[in-house]
Amino acid sequence: MNGKIKEQIEQCKTKRQVIEILKKNNIQVVRDNSDEVGCFSVWLDDFTRIYKPVMGNMKVQKWRKVDMNYSGVPTFFSNNSYF
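Predicted model only: the values in this text are computed from it and were never measured.

Rules of the game
Throughout, a residue's number is its position along its own chain's written sequence, starting from 1. It should be noted that, the model being predicted, local features are given only for residues of pLDDT at least 70 and side-chain atom pairs only at 80 or more, the latter also being counted only at that level, while totals for whole chains, interfaces and linings use all residues. Side-chain metrics rest on all non-hydrogen atoms present in the structure, leaving aside hydrogens and water. When DSSP finds at least two bridges between two strands, those strands are taken to pair. Only DSSP runs of H or I with at least four residues qualify as helices, and only runs of E with at least two residues qualify as strands; both kinds are numbered from the N terminus onward. Patch membership is restricted to residues that have no salt bridge and whose relative accessible area is over 30%. Joining uses 9 Å for like charges and 5 Å for the nonpolar side chains Val, Leu, Ile, Met, Phe, Trp and Tyr. All accessible areas in this document rest on Shrake-Rupley with a 1.4 Å probe, and a residue is counted as covered only by the protein chains that are shown. Should a side-chain nitrogen of Lys or Arg be within 4 Å of a carboxyl oxygen of Asp or Glu, the pair is scored as a salt bridge. Buried means the residue's accessible area, taken with a 1.4 Å probe over protein chains only, is under 20% of the maximum for its type, while exposed means over 50%, and partly exposed covers the values in between. Counted as positive: Lys and Arg. Counted as negative: Asp and Glu. His and the chain ends are not counted at all. Counting of polar contacts relies on pairs of N or O atoms within 3.5 Å, with two restrictions inside protein: one atom must be capable of donating a hydrogen and the other of accepting it, and residues adjacent in sequence are counted only when both atoms are side-chain atoms. Residue contacts are counted whenever heavy atoms from the two residues lie within 4.5 Å of one another. Pairing of aromatic rings covers Phe, Tyr and the six-membered ring of Trp, with a centre-to-centre limit of 6.5 Å; geometry is then stacked below 30 degrees between planes, edge-to-face above 60, and tilted otherwise.

(A) Fine view of the sheet that holds strand β2 (residues 41–43). Strand order in the open sheet made by the four strands is β1-β2-β3-β4, with antiparallel pairing throughout. Pairing within the sheet leaves two strands with one partner each, and these edge strands are β1 (31–32) and β4 (59–62). The pairing of strand β3 (residues 48–51) with β4 spans four bridges and is classified as antiparallel. When the sheet's bridge partners are listed, Tyr51 is paired in β4 with Lys59.

What follows is the structure, given as structure tokens:
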């Protein structure tokens with residue numbers, strides 16, 4: 001997805017407008033999580049999501065994989081001490 005398509009999608013207010021832009025540009029929806037999330041939320045691939053926040057226009061999110069490296073230092077203490 002290029003910047004022009006992203007800009008067009010982020011100006012949309014309804015699901016129908018987004019679907020029309022995707023069809024016009026031959027972009028397939030891989031997964032529709034709208035029922036699960038409770039608002040419009042679709043994935044175009046494993047890293048690109050389009051969703052409708054509570055207020056405002058549609059948003060395009062880009063995700064990426066992250067390697068988690070644990071240091072072994074605890075970050076939570078179950079007692080009231082602060083060190």
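Read on, since the account is not over.
(B) Focus on the environment of Lys24. Within the secondary structure, Lys24 sits in helix α2 (residues 15–24). It is 48 Å that separates the C-alpha atoms of Lys24 and Ser71, two residues lying 47 residues apart in sequence.

(C) Representation of a nonpolar patch on the surface within the structure. The grouping of Val66, Met68 and Tyr70 at the surface amounts to a nonpolar patch, some 400 Å² of accessible area in total. The residue Tyr70 is located in the segment after β4 in this model.

(D) The side chain of Arg49, seen in detail. In this fold, Arg49 is placed in strand β3. Despite its burial, Arg49 remains without a salt bridge, the nearest opposite charge being carried by Asp32 at 9.3 Å. Only 3.1 Å separates the side chain of Arg49 from the side chain of Ser41, close enough to count as a polar contact. Look past the residues within four positions of Arg49 in its chain and what remains in contact with it is Val37, Ser41, Val42, Trp43, Lys59, Val60, Gln61 and Trp63.

(E) Main features of the packing of aromatic side chains. Enumeration over the complete set of coordinates arrives at one aromatic pair. Between the aromatic rings of Trp43 and Trp63, the centroid separation amounts to 5.9 Å while the plane-to-plane angle is 45°, which identifies the pairing as tilted. Here Trp63 lies in the segment after β4 and Trp43 lies in strand β2, a separation of 20 residues in the sequence. With a relative accessible area of 11%, Trp43 lands in the buried category.

(F) Up close: the pairing of β3. Burial along β3 is two-sided: the face carrying Thr48 and Ile50 and the face carrying Arg49 and Tyr51 are both buried. Two elements, β2 and β3, share three bridges in a ladder whose sense is antiparallel. Note on β3: the bridge partner recorded for Val42 is Ile50.

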